[in-house]
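# Fold and contact review
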Amino acid sequence: MEKLPASTGWQWVKQGFSLFRKQPGGMSMLFLGYMFCMLAVSIVPLLGQMLPVILVPVFSIAFVQGCLNIDQGKRVLPSLLISGFRKPAFPSLLGLGVLYILMAIVAIGASTLVDDGLLWQLVTGQLTEEAARAAIPESRMGLGILLAIMLYVPAAMAFCFAAPLIYWKQTGLGKSLFFSFFAVWRSLSAFIVFAATWFAISVVTSQLLAVIFGRTPLMMQLMMPLSMILTIIMHCSFYAAYRQIFGVPVDENKTVSLDKTGE
């Protein structure tokens, strides 16, 4: 894994747009199928709140596999949604989802050390909107959020490429987290540009719609499909990053080095 320049983050974003343009319909149908599946699992008794989050790594495989299909000149079909449920990857992907839940609990729970549990109560829905507005100005929730972010960011680096590493490289859960963390760490400047670019795209898009249409129901109706498209392209950009760092996947569980392919 070579260290990449900061400008590479911008290249990943451009490559994400390029991948999406090749099969916008297929990737959009894949995303709609994903949303339907998430809605379905959310109504499962007792586990309905956690199960959609736990299954995120499993379903994320559908999008990177879809991008691989585009690279290989194949069609992107809704059947890709079951890609992450195949063995031997599925148990590790499921474990990754459980670990993500635990990480989020630890990060938000740690904020209680400085803000008397206000952020935790807000996230878990224990505070009403009116009570939150009254409590926030006199609280230290800003410090709580900062502490949660400080704990979340290193964990997010470890989770970044863990799912595709498990699926394509057949690495164990621990190794996938290890390699993912150091892949991001070695090219941190590129990932900062990547994240900053997507943040800017999101802000500019929402502000532009607000200027043109005002904060009206029409603006919200337009924002929903646009957000969906940008989310899909972000997945495509993420695949572009994986492809450059770890090599071009040649099928579901094999990869070939970029150096060997000459790309």
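Since the structure is predicted, the reported quantities are computational estimates derived from the model, not experimental observations.

This next bit is on the pattern of salt bridges. Counted according to the given criterion, the structure contains one salt bridge. The closest approach of N and O atoms between Arg-243 and Asp-71, which form a salt bridge, is 2.9 Å. With Arg-243 in helix α13 (residues 217-246) and Asp-71 in helix α4 (residues 56-71), this pair connects stretches of sequence that are 172 residues apart. The exposure class assigned to Arg-243 is buried, which follows from its relative accessible area of 14%. Assessed through its relative accessible area of 31%, Asp-71 is described here as partly exposed.

Moving on, we come to the packing of helix α5 (residues 89-110) against helix α9 (residues 141-159). Orientation of α5 relative to α9, taken along the N-to-C sense of each, is 165°, at an axis distance of 7 Å. By the angle between their directions, the pair α5 and α9 is classed as roughly antiparallel. Relative to α9, α5 is oriented so that their crossing is right-handed. Listed contacts from α9 to Leu-96, Leu-99, Tyr-100, Met-103, Val-106, Ala-107 and Ala-110 of α5 are Leu-147, Ala-148, Leu-151, Tyr-152, Ala-155 and Phe-159. Grouping the constituent residues of the contact of α5 with α9 by class yields 13 nonpolar, no polar and no charged.

Take a nonpolar patch on the surface next. On the surface, Phe-178, Phe-179, Phe-182, Trp-185, Leu-188 and Ile-192 cluster together into a nonpolar patch covering about 590 Å² of accessible area. Elements that contribute at least two residues to the nonpolar patch include exactly α11 (173-186) and α12 (188-213). Among the elements that line the nonpolar patch, the one with the most residues is α11, at four residues. Its location among the elements puts Leu-188 in helix α12.

Okay, the packing of aromatic side chains next. Summed over the entire model, instances satisfying the criterion amount to 22 aromatic pairs. Ring geometry for Tyr-34 and Phe-59: centres 5.7 Å apart, planes at 70°, overall edge-to-face. Taken together, the residues span a long stretch of sequence, with Tyr-34 in helix α2 (residues 24-42) and Phe-59 in helix α4 at a distance of 25 residues. Ring centres of Phe-181 and Trp-185 lie 6.4 Å apart, and the angle between their planes is 5°; on these two criteria the pair is classed as stacked. Highlighted residues: Phe-181 and Trp-185, both in helix α11, separated by four residues, approximately one helical turn. On the basis of relative accessible area, Phe-181 is assigned to the partly exposed category, the value being 23%. By the ring-pair criterion, three or more aromatic residues cluster together here, those being Trp-12, Phe-161, Tyr-167, Trp-168, Phe-191, Phe-194, Phe-238, Tyr-239, Tyr-242 and Phe-246.

Looking now at the UniProt feature "transmembrane region" (unreviewed entry) in the protein. The feature "transmembrane region" (unreviewed entry), as annotated in UniProt, sits at residues 29-47, 92-114, 143-167, 188-213 and 219-242 in this numbering. Each end of residues 92-114 is marked by a C-alpha atom, and these two atoms are 34 Å apart; helix forms 96% of the span and strand 0%. Counting secondary structure, residues 188-213 comes out at 100% helix and 0% strand; the distance between its end C-alpha atoms is 37 Å.

Once that is clear, we can look at α5. Here α5 spans 31 Å end to end across 22 residues, near enough to the 32 Å set by a 1.5 Å rise per residue. Within α5 the residues assigned to the buried category are Ala-89, Leu-93, Leu-96, Gly-97, Ile-101, Met-103, Ala-107 and Ala-110. Contact partners of the buried residues in α5: α3 (51-54), α4, α6 (112-115), α9, α10 (162-169) and α11.

Space inside the largest pocket adds up to approximately 1100 Å³. The wall of the largest pocket is formed by 29 residues, among which Tyr-152, Ala-156, Phe-159, Cys-160 and Phe-238 lie closest to the centre. Only α4, α5, α9, α10, α12 and α13 provide two or more residues apiece to the lining of the largest pocket. Its residues assigned to classes, the lining of the largest pocket comprises 26 nonpolar, three polar and no charged.

Helix-helix packing is described using two parameters, namely the angle between the two axes and the distance between the axes. Closest axis-to-axis distance for the α2/α13 pair is 10 Å, and the angle between their directions is 105°. Judged by the inter-axis angle, α2 sits roughly perpendicular to α13. When α2 is examined against α13, the residues Met-27, Ser-28, Phe-31 and Leu-32 are found in contact with a partner set consisting of Met-228, Thr-231, Ile-232 and Cys-236. In terms of residue class, the contact of α2 with α13 is built from six nonpolar, two polar and no charged.

On to unusual backbone geometry. Put simply, Lys-87 and Pro-88 share a cis peptide bond, and its omega is 5°. Secondary-structure assignment places Pro-88 in the loop between α4 and α5. Phi at Gln-170 takes a positive value of approximately 60°, unusual for a residue other than glycine. Assignment of secondary structure puts Gln-170 in the loop between α10 and α11.

What counts, and at which threshold
Residues numbered from 1 in each chain as written. Predicted model: local features only at pLDDT ≥ 70, side-chain atom pairs only at ≥ 80, totals over all residues. Heavy atoms only, no water. Salt bridge = Lys/Arg side-chain N within 4 Å of Asp/Glu carboxyl O. Helix = DSSP H or I, 4+ residues; strand = E, 2+ residues; numbered from the N terminus. Buried < 20%, exposed > 50% of the residue type's maximum accessible area, 1.4 Å probe, protein only. Axes fitted to C-alpha atoms, helices over the stretch in contact; angles between N-to-C directions. Parallel < 35°, antiparallel > 145°, perpendicular 65-115°, else oblique. Left-handed = near helix turned anticlockwise from the far one by under 90°. Contact = heavy atoms within 4.5 Å. Nonpolar A, V, L, I, M, F, W, Y, C, P; charged D, E, K, R; others polar. Patch = residues over 30% accessible without salt bridge, like charges linked within 9 Å, V, L, I, M, F, W, Y side chains within 5 Å. Areas by Shrake-Rupley, 256 points an atom, 1.4 Å probe, with all protein chains shown as cover. Phe/Tyr/Trp six-rings, centres within 6.5 Å; stacked < 30°, edge-to-face > 60°. UniProt positions renumbered as here; feature names shortened; annotations may be inferred. Expected span 1.5 Å × (residues − 1). 1 Å grid on protein atoms, 1.4 Å probe; cavity = no way out; pocket = protein on both sides within 12 Å on 5 of 7 lines; lining within 4 Å. Points joined across faces, edges and corners; volume = space filled by probe spheres on them.

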